[in-house]
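So the chains spell out like this:
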Amino acid sequence: MKMTKIIILALAVLLIGGTAVATTSFLNSGSKEEEQVQPAFIRVTGMIESVEERDGTLYYLINEGQDETSYIIVSSDTAVFDNTGDVTELEPGDEITAYTYANKPMPLIYPPQYSPEVVIVDTDLMGSAAVGTFNDELVDETLSLKLNVSEETELSSLTGKDVGVEDLAGQDLLVFYSITTKSIPAQTTPERIIVLDGEES
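Per-residue confidence for the protein averages 85 on the pLDDT scale, and 80% of its residues sit at or above 70. No element of the protein has a lower mean pLDDT than helix H1 (residues 2–36), which averages 46, and none a higher one than strand S7 (residues 118–122), which averages 98. Counting contacts from residues 5–35, a segment whose pLDDT is below 50, to residues more than four positions away or on other chains yields zero contacts.

This is the structure we're talking about:
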């Protein structure tokens, strides 16, 4: 009888231990997947409430909704376009999306302050903009957009370097486009692609 109890106890310990190991392995694999899909850019979307100049630098207060605010700091190095790809200037009342490298140092203050690489002003004109890191198949890191580059697609870089289709893979890109497919990922033939080579990520 004692031997039977010992065997049952040993089996119970083995089952519990196996479950714990399996659970730990599952959790670890899940965290690895989450790490892999971390975007390269922090995205801030909202309306410009006000602007002030501090020591020659412009600070724009952004209302992100639900009482959330932040500042974007715009310098001469910040690329500012509207959603059609035209260079523009920021004004209070503009609806904007700002893209800042996620690994860029930030001051630990509230409201948060971002120094974006790119700011897109949303207008009523037809057109969309996307910023992200695109892989060898020209799919962005969130697997939501695939680029089909055509001969009509305008290619350039922030620093003015010559760019070919072969230079786009694995790069941080600013993409302007109009129409996408309903597939997953969505596919588009962009009107314009700009390689974000102005600053090392």
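Right, let's get into the side chain of Asp94. Tracing the backbone shows Asp94 in the loop between strand S4 (79–82) and strand S5 (95–101). In this structure the side chain of Asp94 is engaged in a polar contact, spanning 2.8 Å, whose partner is the backbone nitrogen of Glu91. Discounting chain neighbours no more than four positions away, the residues touching Asp94 are Gly46, Met47, Ile48, Glu89 and Val121.

Turning our attention to the packing of aromatic side chains. Inspection of every chain in the model, using the stated rule, returns three aromatic pairs. When the ring of Tyr59 is compared with that of Tyr71, the centres are 6.4 Å apart and the planes differ by 75°; the resulting orientation is edge-to-face. Highlighted residues: Tyr59 in strand S2 (residues 57–65) and Tyr71 in strand S3 (residues 68–74), separated in sequence by 12 residues. On the basis of relative accessibility, which here comes to 14%, the residue Tyr71 falls in the buried class.

On to the pattern of salt bridges, then. Here the idea is simple: oppositely charged side chains can pair when their charged atoms come close. Inspection of the entire model under this criterion finds three salt bridges. Measuring nitrogen to oxygen at the nearest pair gives 2.5 Å for the salt bridge that ties Lys104 to Glu117. A residue pair is termed long-range when its members are at least 10 positions apart, and Lys104 in the loop between S5 and strand S6 (113–114) and Glu117 in the loop between S6 and S7 qualify at 13 residues.

Pairing is mixed in the open sheet, where seven strands are placed in the order S4-S7-S5-S1-S2-S3-S6. With partners counted over all chains shown, the strands left at the sheet margins are S4 and S6, one partner each. As judged from the five bridges shared by S5 and S7, these two strands associate in the antiparallel manner. Bridge pairing in S7 links Ala98 to Val119.

We now examine the pairing of strand S13 (residues 192–195). On S13, burial covers both faces: Arg192 and Ile194 on one face and Ile193 and Val195 on the other are all buried. Sheet analysis places strand S10 (residues 154–157) next to S13, joined by four bridges and oriented parallel. Of the residues in S13, the one forming a bridge with Glu154 is Arg192. Across four bridges, strand S11 (residues 172–177) lies against S13 in antiparallel orientation. The partner of Phe176 across the bridge, within S13, is Arg192.

Rules behind the numbers
Residues numbered from 1 in each chain as written. Predicted model: local features only at pLDDT ≥ 70, side-chain atom pairs only at ≥ 80, totals over all residues. Heavy atoms only, no water. pLDDT = per-residue confidence, 0-100. Helix = DSSP H or I, 4+ residues; strand = E, 2+ residues; numbered from the N terminus. Contact = heavy atoms within 4.5 Å. Polar contact = N/O pair within 3.5 Å; in protein donor to acceptor, adjacent residues only side chain to side chain. Phe/Tyr/Trp six-rings, centres within 6.5 Å; stacked < 30°, edge-to-face > 60°. Buried < 20%, exposed > 50% of the residue type's maximum accessible area, 1.4 Å probe, protein only. Salt bridge = Lys/Arg side-chain N within 4 Å of Asp/Glu carboxyl O. Pairing = 2+ DSSP bridges.

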